[in-house]
Amino acid sequence: MNDKSLRRWSSRGPTARSDVRDLMREFLKEDEEAETLEWDSFTTANGLPHNWIYDLFQDSAGRIWAGTWGGGLALYEHGTWRVYDRRHGLASDAVTCLAQDAQGTIWAGTNAGLNRLDAESGRFVKAGLTGKSILNIRFDRAQNLWVGCWRATSSGGGLHRFDGRSWHSVSKKDGLPSLEILKVFEDSRGHIWVGTYEHGRGAGVGRWDGRSWQRFTRRDGLINDCVYSMFEDPEGRMWFGTLGGISVYDGRSWHRMTMMDGLVDDRVYAMFIDRDDKMWFGTEGGVSRFDGTAWESFTRDNGLVENLVRAIMQDRDGNLWFGTYPYAPDAGGISRARKRESRQDIAELTRRYLQPGSPGSRRELPGE
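The following refers to the structure shown. For every chain, the first residue of the written sequence is number 1, and numbering continues from 1 along that sequence. Note on the predicted model: pLDDT of at least 70 is required for a residue's local features to be given, and 80 or more for side-chain atom pairs to be given and counted; whole-chain, interface and lining totals, by contrast, use all residues. Side-chain descriptors were evaluated using all non-hydrogen atoms of the structure, hydrogens and water having been removed beforehand.

Regarding the overall build of the chain
And then number 1: Per the secondary structure count, the chain includes 4 helices and 28 strands.
And then number 2: Per-residue burial for the chain yields a buried fraction of 53% across its 368 residues.
And then number 3: Using a 1.4 Å probe, the Shrake-Rupley method yields the accessible areas, and only the shown protein chains count as cover for residues. Only carbon and sulfur atoms are counted for the fraction: they give 43% of the accessible area of the chain, which is about 17700 Å². Starting at the N terminus, helices and strands are each numbered in turn, a helix being any DSSP run of H or I of at least four residues and a strand any DSSP run of E of at least two. Each residue is assigned to one of three classes by its accessible area relative to the maximum for its type, calculated with a 1.4 Å probe on protein chains only: buried under 20%, partly exposed between the two thresholds, exposed over 50%.

Re unusual backbone geometry
And then number 1: For Q143, which is not glycine, the phi torsion reads 65 degrees and is therefore positive.
And then number 2: Secondary-structure assignment places Q143 in the loop between β10 (133–139) and β11 (145–150).
And then number 3: Phi at D330 is positive, roughly 65 degrees, even though this residue is not glycine.
And then number 4: Note that D330 resides in the loop between β27 (320–324) and β28 (333–339).
And then number 5: For D330, a relative accessible area of 78% translates into the label exposed.

Concerning the state of the cysteines
And then number 1: Throughout, a disulfide means two cysteine sulfur atoms within 2.5 Å of one another. Scanning the entire structure with this criterion turns up 0 disulfides.
And then number 2: Here C149 is not cross-linked by a disulfide; its sulfur's nearest cysteine counterpart is in C97, at 8.6 Å.

Topic: the packing of aromatic side chains
In this description, a pair of aromatic rings is defined by centroid distance and the angle of the planes.
And then number 1: Pairing of aromatic rings covers Phe, Tyr and the six-membered ring of Trp, with a centre-to-centre limit of 6.5 Å; geometry is then stacked below 30 degrees between planes, edge-to-face above 60, and tilted otherwise. All told, the structure shown has 34 aromatic pairs when counted by the stated rule.
And then number 2: On the basis of an interplanar angle of 75 degrees and a centroid distance of 5.9 Å, the ring pair of W107 and F139 is categorised as edge-to-face. In this pair, W107 sits in strand β7 (residues 106–110) while F139 sits in strand β10, placing the two residues 32 residues apart along the sequence.
And then number 3: On the accessibility criterion, W107 (8% relative accessible area) is buried.
And then number 4: Look at F139 and you get buried, because its relative accessible area is 15%.

As for the pairing of strand β3 (residues 64–68)
And then number 1: The element β3 is largely enclosed, with a buried count of 5 among its 5 residues.
And then number 2: Pairing between strand β2 (residues 53–58) and β3: 5 bridges, direction antiparallel. Residue pairing for β3: D55 is matched across the bridge by G67.
And then number 3: Hairpin connection, β2 to β3: the antiparallel pair is bridged by 5 residues, and G62 has positive phi, about 90 degrees.
And then number 4: Here the rule is simple: two strands pair whenever DSSP picks up at least two bridges between them. By the bridge criterion, 4 bridges tie β3 to strand β4 (residues 73–77) in an arrangement that is antiparallel. Counted as the bridge partner of A66 is A74 from β4.
And then number 5: The turn linking β3 back onto β4 is made up of 4 residues, and G70 within it adopts a positive phi angle of 125 degrees.

Digging into the sheet that holds strand β21 (residues 254–257)
Consider a sheet: its strands pair through backbone hydrogen bonds, and that pairing is either parallel or antiparallel.
And then number 1: The 4 strands are arranged β18-β19-β20-β21 in an open sheet whose pairing can be described as antiparallel. Two strands lie at the open edges of the sheet, namely β18 (227–232) and β21, each paired on one side alone. Strand-to-strand twist in this sheet, taken as the mean axis angle between neighbours without regard to direction, amounts to 20 degrees. Axis geometry follows a simple rule: fit a line to the C-alpha atoms, using only the stretch in contact for helices, then measure angles between N-to-C directions, giving values from 0 to 180 degrees.

Observations concerning the nonpolar core
And then number 1: To qualify as a nonpolar core, a set must consist of buried Ala, Val, Leu, Ile, Met, Phe, Trp, Tyr and Cys residues joined through side-chain atoms within 4.5 Å. Counting residues in each nonpolar core, the largest one holds 14 residues, and the members touching the most others are W69, L182, Y197, C226, Y228 and Y325.
And then number 2: Note on definitions: a residue-residue contact is assigned when non-hydrogen atoms from the two residues lie within 4.5 Å. For Y228, the residues in contact, after removing those within four places along its chain, are L182, K183, Y197, G241, L243, V268, Y269 and R310.

Geometric descriptors of this kind do not, in isolation, establish any biological role.
Below, the structure written as C-alpha cells:
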C-alpha cells in the first residue's frame, strides 16, 4: 500500500480504525493460539518394535529414525514403521545413536559396535569399534566421525575419531576427563565437547580445542559432574544438562537453572533448540520449554506418552518429537507435538474478519 492509499484508509474515520483494531486483536489472538500444541503418540501398538527410545533423527530425505533399546532401529516413512534389527546386520538390537554423513549414509551406534547402512544391499554392515558400547556419534565440520563410548569396565569405553580411513582413540592420558562418554558436541568455534558419566558420579565436561583438552567440573562452577546433554545457544553460550540441573557457560562465568527457576525436574537427559530459538529440556519428570523469559512444562497430564524424555528432535515441518525411556516394561514410546495450524497471514485474516463491502474492507482499498 502506498502513502496516498494509507492516508485515504486512515481518513475514513472511526469505523475503519475500529475495524483495524478488531482485525489486529484477532490476528494476535490467532498467533497465541498457534502456540497450542496438539499431541499424538507412537508405541508398539502402532508399529514401534520397542517402546524404550534412545535417539531420534530425521535424515536428508525427511525420514524419521528411532533407535530403541531392545527392538533395533525403526524407520518412519509414509505413515508406517519399518524395523531393522540384528537380522538386518545390526551389531545389537540396542541402538543408542544415529547420524548421517555428507554422502547421505546412515550410521548407527549400538551397545555392541558401530554400523552403517549399505545402500546397495539395504542392510547394515560393520563400521568399526566391534564390541564397544556406544552412546553418542557426531560428524564434525571436517566430516570426522566422533564416537563416545561407555561401560569402560566391560567394553573399554573412551572417545574415538574416524577420519574416513583410520581410527584414532583418545584416552585419559591424552587429557580426556573420563572413559565413559555420554555426549559429544561440536560448537561454532570447532571445539569438541564431551559430557561424562564415570559410573554415575560424573567427571565433568571436557573441551578439545584442536591442541589440548580442558576439563570443567563442579569446582569450576558446573552444577553436577554427570553430563548427559549439551547445546550452544545463538549467543555462543554452552548449556549442559546434568543430573543436578542445567549449567550455562559463557566462556568466563557459570550460571545454573533448576526446578527453582521453572525446570520440571533437575535430571536433564536431552536438550534441544527449535527453529524459533525456544529451548527444550527432556527430564525425568517431563519436558520443559524456555523462551528466554518464561518456562512451560509438559508431562503425561499434557500429552506426553511418558515423563522420562531421553531424546528430542524437530522435523522439517516444525513438529517436535520426544523419545521416552521409562525403565518400565511395556511403557514408553514416542510423542509428537504439533502446533495448531491456525495462524494465517494478514491478507487472509483481512478477508475473514472484514467482509467485502464493509467500511475499511480490503475491497475498498485504492492504489494496490
